[in-house]
Amino acid sequence: MWLILLLIIAVWIIFSVKDIRIKWISTPTFNYFKRALPELSDTEKEAMKAGDTWWDASLFSGKPDWNMWLKSGRPRLSDEELAFVNNELNTLMGMLDESEITARGDLSEDTWQFLKEKGFFSLIIPKSFGGKEFSAQANSVIVSTIATRSLSAAVTVMVPNSLGPAELLLHFGTQEQQQNWLPKLASGEALPCFALTSLHAGSDAGGITDHATVCHQEFEGESVLGLRVSWSKRYITLAPVADVLGLAFKVYDPDKLLSEQLECGITCALIPTSHAGVNCGDRHDPMGLAFMNGTTSGQDVFIPIDWVIGGQSGVGKGWRMLVSCLSAGRGISLPALSAGTAQLCAKSTSAYSQLRYQFKQPIGQFEGVQSSAARIYGLAYSIEATRENTALAVDLKKKPSVITAIAKYHLTEQARVIINDAMDIHGGKAIQKGPLNYLAHHYAGMPISITVEGANILTRNLMIFGQGASRCHPYILKEMEAAQMTDTDQGLKSFDKLLVSHIVHSGKNAVKALLNGITVARFVRSPVSGEVARYYQKLTWYSQVLSSLSDIAMLRLGGKLKYREMQSARLGDMLSHLYLASCVLKKFEDDGHQCGDLPLLHAAMSYHLSGYSTAVKSFIDNFLPRGLRTIAKRLYFPIGTRANGISDEQVKSVCASIRENHTTRMRISALCHSQNMPGLEKLERALALSKKTDSAYHDFLRWQKKHSMSLYNQPMADQLCAACEAGVFSEGDKQMLEEWLTVRDEALSVDATSA
């Protein structure tokens, strides 16, 4: 006892007496920190400076402010945006048939013209330049809705309103560039594309080999300062039809015409595709979808320096421009495509599983089918929650690079799970292409979302925690800055103050995590009451564990953590599932605590809590030495994480909720409209009739089973007449059953072509 007391006093003295603390604690830690700092490339440094944090920082801190989160705003559209959705967007949906589009290899001329005239390519451009100036929420809703019908059209609309010329001009263009280009982009006179990816540089923009040399050359009759650019790009969406090319390349200045530096860095420029030497034409075939995607190249093409975005002062600032604007692609466009796919799958699967009978009962009654269906519905609810709240962050003028990376990776991966489950449940219906097949093109196009805006493997393993650890942690980034100060003495003083706060912060989180582990977070405050309150308590506990484990990982590995990608990915998964789960909880609150949505919430939360649990266990098992693994688990989770995945009862409950509550089913697929979509339209009509004929049909099946021998080989119409004469149901029921069986057969049919 006395020994423990003396130890506590010694520690207190060391940390309380500044000179002792600096000599024995801060200075050694400061020197270790300087050695352990990761070597960051220029592109990584720019990425660290770009963007900001939001709710992710609160989750990372170990003390999430739930009241702030729930009051951060409710996703909504303005009256003008709603009018556009109900009119222009609704008209567009009637013009889209993905089977026709892919067979043609392009959108129809009428569709292209409609998109241009109605402003679908100018959603983000201010009204002062002729654009719509819609919110990120509206942009997301529009792309999501189109994606339920046609991925080809959705990608075509998505690109001009994502990372590209318009976005870059708005933030970094000169006034002259904005006045010249934005009205043309808004009216559809100029269709844009942006070229970043080349043969040896995809996610690693620093590896770009496309280059330009600063020089003087004659242009339009006079000698001007400019760039002689050479490039070869691929995978560029809209390149085959673009009028203006946004281009990223490295600039070199051997004659020092701009500065004393030979390498000026990554630069972005706008080049008319009609400009001499620009080649845009060779087209790719992205999984059979019909959106325009192809190559662009040029060799020693001279452009005036004024064509650089931002003018001469924009030379070398291209990467900062790009990472500052990535939220549009990662936070809006790709989550929107995922939401469209998810809602299509939820709507079609919930209908098909009630209409398709095997062994005299709907396949939706089979527990194996229910397991997959429940996953579809729960993840669709989660995707929509994350889509809404990530777009909300952009509308709040945030640039949360970590959150948008989480949304991009996890929503595209969840959509991949959903489309696979939907294909399994639909079986043969899903693999025969044609107008009646509403899943095939989405299944083929799913890998496209996985690869763009940073490949998913890179996003998960390098970006989410790689950026999150330093950007979201309350002290790490400041400590890094202190360690890099040229004045070492001043850096040590700053570091000392930060270190004390960091140690106190880490200690509190470790103790809280231990206490909450013992009590299973039963005494954590929740902003709401009822059965949902337990989720808030668990997420707070899990946040504290993440914060504590992150500090341990960074202390042990320092800069080497950057290269331990599997460990970094697991920590990133922990942060990601906290964010995704918090979006689910907020959606439930924003939607007014809909009772029919409770099973969906439970399914989604079970998925995310289980995902967190898997990540934390894998991290501990693979990060800590064998002898410490059990100790760590006993400290943080004395009686387990209490997250076991979705239960059988929850599976049955969520499927029953979707089957029995029309409003719940419509809410989970609100952006997916069946009108003018033959396969889905037939399903919806058959499902509506089935609700009226369900009782009579099951009476008929029971009667049919009793008389199976006498009914052998009789046409269905004769069997229905016999049942009606036997008093199984009325004449009116018989007529309704005949209609329903006809419509159902049409809905379950597939397309066939002549040999």
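Higher on the page you've got the structure.
Residues numbered from 1 in each chain as written. Predicted model: local features only at pLDDT ≥ 70, side-chain atom pairs only at ≥ 80, totals over all residues. Heavy atoms only, no water.

The next point concerns the pairing of strand β4 (residues 244–252). Burial analysis of β4 places 7 of its 9 residues in the buried class, which makes it a mostly covered element. In this structure, strand β1 (residues 192–195) lies alongside β4, joined through 4 bridges in parallel fashion. Of the residues in β4, the one forming a bridge with A195 is L247. Sheet topology note: the strand β2 (residues 211–219)/β4 ladder contains 3 bridges and is parallel. (Buried < 20%, exposed > 50% of the residue type's maximum accessible area, 1.4 Å probe, protein only. Helix = DSSP H or I, 4+ residues; strand = E, 2+ residues; numbered from the N terminus. Pairing = 2+ DSSP bridges.)

What follows is about the nonpolar core. With 128 residues, the main nonpolar core has Y377, L439, V532, V545, L549, Y579 and L601 as its most contacted residues. Take this core: its biggest share by element is 13 residues, from helix α23 (residues 598–623). Here V545 is in contact with A513, Y612, V616, Y636 and F637, once residues within four sequence places are set aside. (Core = buried A, V, L, I, M, F, W, Y, C linked by side-chain atoms within 4.5 Å. Contact = heavy atoms within 4.5 Å.)

Once that is clear, we can look at the pairing of strand β3 (residues 222–237). Bridging between β2 and β3 involves 9 bridges; their strand directions are antiparallel. When the bridges of β3 are listed, T213 appears paired with R228. Where β2 hands over to β3, the hairpin turn is made up of 2 residues, of which E220 adopts a positive phi near 55°. Across 9 bridges, the pairing between β3 and strand β7 (residues 293–304) is antiparallel. Residue V229 lies in a different strand from β7, and its bridge partner there is V301.

Moving on: unusual backbone geometry. The backbone phi angle of E220 is positive, close to 55°, even though this residue is not glycine. Along the chain, E220 turns up in the loop between β2 and β3. Notably, K360 is not glycine yet its phi reads approximately 70°, a positive angle. Here K360 lies in the loop between β8 (357–358) and β9 (361–362). Judged by relative accessible area, K360 falls into the exposed class, the value being 53%.

The next point concerns the packing of helix α15 (residues 367–395) against helix α22 (residues 565–590). Put simply, α15 and α22 touch, their axes get as near as 8 Å, and they point 90° apart. The angle between α15 and α22 falls in the class roughly perpendicular. On α22, the residues touching Y381, S382, E384, A385, T386, E388, N389, T390 and L392 of α15 are Y579, L580, C583, V584, K586, K587, F588 and D590. Among the residues forming the contact of α15 with α22, the class breakdown is 8 nonpolar, 4 polar and 5 charged. (Axes fitted to C-alpha atoms, helices over the stretch in contact; angles between N-to-C directions. Parallel < 35°, antiparallel > 145°, perpendicular 65-115°, else oblique. Nonpolar A, V, L, I, M, F, W, Y, C, P; charged D, E, K, R; others polar.)

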